[in-house]
Amino acid sequence: MSLRREVQEFTSSGERYEWELFARNHWVDDSMLYLRGLLDLLAPHIAQPGYGGHFRNISDTEVTVFDFRDGGYEPFKIWGVDSQ
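The structure contained in this document is the topic of the report that follows. (Residues numbered from 1 in each chain as written. Predicted model: local features only at pLDDT ≥ 70, side-chain atom pairs only at ≥ 80, totals over all residues. Heavy atoms only, no water.)

Turning to the overall build of the protein, a few remarks are in order. Assigned secondary structure in the protein consists of 1 helix and 5 strands. Put simply, the protein runs from its N terminus to its C terminus through helices and strands in the order β-β-α-β-β-β. Here the protein holds 84 residues, and the buried ones make up 15% of them. Nonlocal contacts in the protein, meaning residues at least 24 apart in sequence, comprise 16% of its contacts between residues at least 6 apart. Entry remark: accessible area of the protein is about 7000 Å², with carbon and sulfur atoms responsible for 52%. (Helix = DSSP H or I, 4+ residues; strand = E, 2+ residues; numbered from the N terminus. Buried < 20%, exposed > 50% of the residue type's maximum accessible area, 1.4 Å probe, protein only. Contact = heavy atoms within 4.5 Å. Areas by Shrake-Rupley, 256 points an atom, 1.4 Å probe, with all protein chains shown as cover.)

Following this line, the structure appears as structure tokens:
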């Protein structure tokens, strides 16, 4: 896991920074509720909407991607049926 402060733009008052979080974790199925809780906490603070990441079951080929939008996140499956 890494947390980086990145310059996003230069303004007349100086550089504007945003934080970037990168993580690769192995979540046990019982802990997926913790991932959802973490995403719920992070979502209102996302600076720009868009791709947030993905997760998949260790034995599946389907990947569930999530996007951050409007202070929340929306998971959807690719290579399978959209989740509701």
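This paragraph deals with the packing of aromatic side chains. For the structure shown, the criterion picks out 2 aromatic pairs. On the basis of an interplanar angle of 85° and a centroid distance of 5.7 Å, the ring pair of F66 and F68 is categorised as edge-to-face. Of the two residues examined, F66 and F68, each falls in the buried class. Taking the relative accessible area as the measure of exposure, F66 reaches 7% and is therefore buried. (Phe/Tyr/Trp six-rings, centres within 6.5 Å; stacked < 30°, edge-to-face > 60°.)

Counting buried positions along strand β4 (residues 63-69) yields 6 of 7 residues, so the element is predominantly enclosed. Sheet analysis places strand β3 (residues 50-55) next to β4, joined by 5 bridges and oriented antiparallel. If you follow G53 over to β4, its bridge partner there is F66. (Pairing = 2+ DSSP bridges.)

Next up on the list: the nonpolar core. L35, L39, A43, F66 and F68 together form the largest nonpolar core, which totals 5 residues. When contributions to this core are tallied by element, the ones reaching two or more residues are α1 (32-42) and β4. What L39 contacts, discounting residues up to four positions off in sequence, is F66, F68 and Y73. (Core = buried A, V, L, I, M, F, W, Y, C linked by side-chain atoms within 4.5 Å.)

Our next topic: a nonpolar patch on the surface. Taken together, the side chains of L3, W19, L21, L38, L42 and I46 make up a nonpolar region of the molecular surface, amounting to roughly 560 Å² of accessible area. Looking at the nonpolar patch, the elements with two or more residues in it are β2 (14-22) and α1. Relative to the helices and strands, L38 resides in helix α1. (Patch = residues over 30% accessible without salt bridge, like charges linked within 9 Å, V, L, I, M, F, W, Y side chains within 5 Å. Salt bridge = Lys/Arg side-chain N within 4 Å of Asp/Glu carboxyl O.)

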